[in-house]
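A structural walkthrough
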Amino acid sequence: MSKGSEMKQTYLYTQNRELSWLRFNQRVLEEAMDENVPALERLKFISIFSTNLDEFFMIRVGSLFDISSAAVDDIDNKTGWTAKQQLHQIYQTIPGLIERKANIYAAVCETLSQSGIQDVSYGELSASETKFVKRYFNEKILPILSPQIVDNRHPKPHFRNKQLYVASLVKGKDNKKSIAFIPVPSLLSQVIMLPDEKRFIRIENILLAMASTLYGQYKEIESCILAVTRNADVSFDPEKFEDADTDFRTYMKKILKKRSSLAIVRLELSHKISNTFSKELLKIIDVENRQIYADTTPLNMKYVFELVKKLPDKIKEPLCYSSYIPKWPNDLDKNSSMIEQIRESDKLLFYPFDSVDPFIRLLNEAADREDVVSIKITIYRLASSSKIIRALCRAAENGKEVIALMELRARFDEENNIAWSAMLEEAGCKVIYGFENYKCHSKICLITLRQKGKFRFITQIGTGNYNEKTNAMYTDLSLMSANDRLGADATAFFRNMMIENLEGEYSDLLVAPLGMKPSLIRLIDEQIEKGEEGYICIKVNSITERDMIEKLAEASRAGVDVQLIVRGICCIRPGIIDHTDHIVVNSIVGRYLEHARIYCFGKGEEMKLYISSADLMTRNLRHRVEIAAPIYDNDIKEMILHILQTQLADTSKASLLQPDGTYVRKNKAGEVLIDSQQVFMDQSLHKQVIVKPKKKGFAHFIQNIFKLR
């Protein structure tokens, strides 16, 4: 076989991760097309699509720009494309998505207008509304505006990442053309509700209308709203951390400042502008034509969430999802000790359908119990107001040893984590920051008790962050166990983290970056040996790791039934004859963000089941500290299998990945639709707890029975 044919064979059943991600985000956008979704929720999906795309440009496109400059010959191992070729494919794909978003946004706005909710321009205001807006402008907006003319006497402005600006082509008394800018104040409300509390105007549209009055002797010729997107892929230079005068927290603060000055990778305009305006604009904004997008939808779609908050309840309630309050699990007694219940049997929380309160109660109980000697936890992302942190601080104040492995490099949460780490230290907790070149992405908490001279353990391992806000928005699993083997492994894990030892050995836990990938390959190999009797079901957010893709393709060639549930990026293409024709890839995009990671190998008594913090991505398996925990409890196995089976049966929110990399919705006309997330809202996984009388109160219990008789 020639080298060329070998290369073609290598890429036969794989696809580029960036294009795969864009197709995932397209499915987010398509949720806004579903007329069964309430109108304001459809608007939120457009906003989520836009925010996702912003981050895609900041991180992925920014990274590719860096690679294209620094490593010209570097190629993608799924397609053979260079970074420059990948950028070309991305820039070809984006315009179609922007056009589709504009059409969907217009349709959703039309639906909302039927309920009186209208996003109006300044020219659409009534006389009384115009008076109201002018007064608002003069009192609230005008005092903090800073218009700027760009000419020989005024320096080129620095455009902040994703801030809105009103930009104008202007001319002076000498008829010389210049560019003028007005930054849209980010500290003000982005949505101004009009007196009827339904119609509204966005602040940038007020400024756009008033711009001509703000330039003094300069006359406005043409104006638009613009926003730039900057590369936010901050690289961490470990040599700088070697400086003895700088601690890691201070170093992180310095690194964050770089984001504001990195290269511009996208310029968004609110509409097409003249060639003259464009030519003048590009003198001060260094972008290529392919990086410029005219987008008729709002350039800051985050306004949607402010709008929803401001609308009166009677107006918005019919246009939003019915409220859902996470439930206390039926198999946990609210009035009994969490620790003692976990010691009786393992417990599972399934967010957001289950409440996070049992875990918080576990931490608070541990903080107060005299026999608890320590709490150790890894932290990646936290809520802005965290009950979990408060429980840890209370434990430290009560004399417990509290150790938090805080990952300061959690992208876009760095400042939040820096602040929380300082608070933990002030309360007496010991905070460590992990490894120089490996992010700690694992989710594990270890509570150690000393009873009758022996140490006992409660180990919690999850698939998602210790973040109460996202616990109510993401589907995640949280295992709480008194299993001695898990406790011993968790103890070894934290001991290894304290001394920066990545080579530790564990009996039950799979730990990346060294132990997880070989273990997963071994587990797949076990199914390959079974051939057509083999079974693999994996639920993750993304699959990009080339070796894992090859191993799954090998399983398919052996006849193993491979069922994948992949929310986002999936670089393996199913259905390729003689390679991946035994692989089926499902993807669910619904009300909640699918986030749990589950690995299932085999069926029946020989089945091996794990939950994990790790996706099957190179960064997770090679460059992060991750954990996968085995499930031993039969009841919990049944729960997790029920989750997998229900999601595989989803026909309402699920799509199937096709051999060409596109997706097709599973729903068919005339079929009864199954929405897996709705099933979990309607039906608890947990069996009803039977509260047993305590021995010391048994006589009283018997007396009450006779009284009832």
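Residues numbered from 1 in each chain as written. Predicted model: local features only at pLDDT ≥ 70, side-chain atom pairs only at ≥ 80, totals over all residues. Heavy atoms only, no water.

**Considering the overall build of the protein**
When its secondary structure is counted, the protein shows 23 helices and 26 strands. Rg of the C-alpha trace for the protein: 28 Å, near the compact-globule value of 27 Å for 709 residues, within the 12% margin. In terms of overall dimensions, the protein has C-alpha extents of about 95 × 80 × 70 Å along its principal axes. Relative to its 709 residues, the protein shows a buried fraction of 57%. (Helix = DSSP H or I, 4+ residues; strand = E, 2+ residues; numbered from the N terminus. Rg over C-alpha atoms; globule rule 2.2 N^0.38 Å. Buried < 20%, exposed > 50% of the residue type's maximum accessible area, 1.4 Å probe, protein only.)

**Regarding the nonpolar core**
With 84 residues, the main nonpolar core has Leu-520, Leu-564 and Tyr-599 as its most contacted residues. With twelve residues, helix α3 (residues 39–70) is the single largest residue contributor to this core. Not counting residues up to four positions away in its chain, the partners in contact with Leu-564 are Ile-538, Ile-543, Leu-552, Ile-572, Ile-583, Val-584, Val-585 and Asn-586. Listed in part, the 46 residues of the second largest apolar core include Phe-350, Leu-609, Ala-629 and Ile-631. (Core = buried A, V, L, I, M, F, W, Y, C linked by side-chain atoms within 4.5 Å. Contact = heavy atoms within 4.5 Å.)

**Focus on the environment of Trp-328**
Relative to the elements of secondary structure, Trp-328 occurs in the loop between α11 (313–316) and α12 (338–344). Spatially, the C-alpha atoms of Trp-328 and Phe-353 are 8.9 Å apart, while their sequence positions differ by 25 residues. Among all residues touching Trp-328, those that are not within four sequence positions of it are Asp-333, Lys-334, Met-338, Ser-355, Asp-357, Pro-358 and Arg-361. A polar contact is formed between the side chain of Trp-328 and the backbone oxygen of Leu-332, at a distance of 2.8 Å. (Polar contact = N/O pair within 3.5 Å; in protein donor to acceptor, adjacent residues only side chain to side chain.)

**A closer look at the side chain of Asp-633**
Here Asp-633 is to be found in the loop between β24 (624–630) and α21 (634–648). Of the side chains with opposite charge, Lys-347 lies nearest to the buried Asp-633, which makes no salt bridge, at 7.4 Å. In this structure the side chain of Asp-633 is engaged in a polar contact, spanning 3.1 Å, whose partner is the backbone nitrogen of Ile-636. Each residue touching Asp-633, except ones within four places of it in the same chain, is listed here: Ser-345 and Asp-346. (Lys, Arg positive; Asp, Glu negative; His and termini not counted. Salt bridge = Lys/Arg side-chain N within 4 Å of Asp/Glu carboxyl O.)

**What about empty space enclosed by the protein?**
Over the atoms a probe the size of a water molecule is rolled, and this reveals where empty space is left. Applying the stated criterion across every chain yields a total of two cavities of 30 Å³ or more. When its volume is computed, the largest cavity comes out at roughly 60 Å³. As for the largest cavity, its lining consists of Tyr-351, Val-356, Phe-359, Lys-443, Gln-460, Gly-462, Gly-464, Asn-465, Tyr-466, Asn-471, Leu-477 and Ser-478. Residue composition of the lining of the largest cavity, by class: five nonpolar, six polar and one charged. Space inside the second largest cavity adds up to approximately 30 Å³. (1 Å grid on protein atoms, 1.4 Å probe; cavity = no way out; pocket = protein on both sides within 12 Å on 5 of 7 lines; lining within 4 Å. Points joined across faces, edges and corners; volume = space filled by probe spheres on them. Nonpolar A, V, L, I, M, F, W, Y, C, P; charged D, E, K, R; others polar.)

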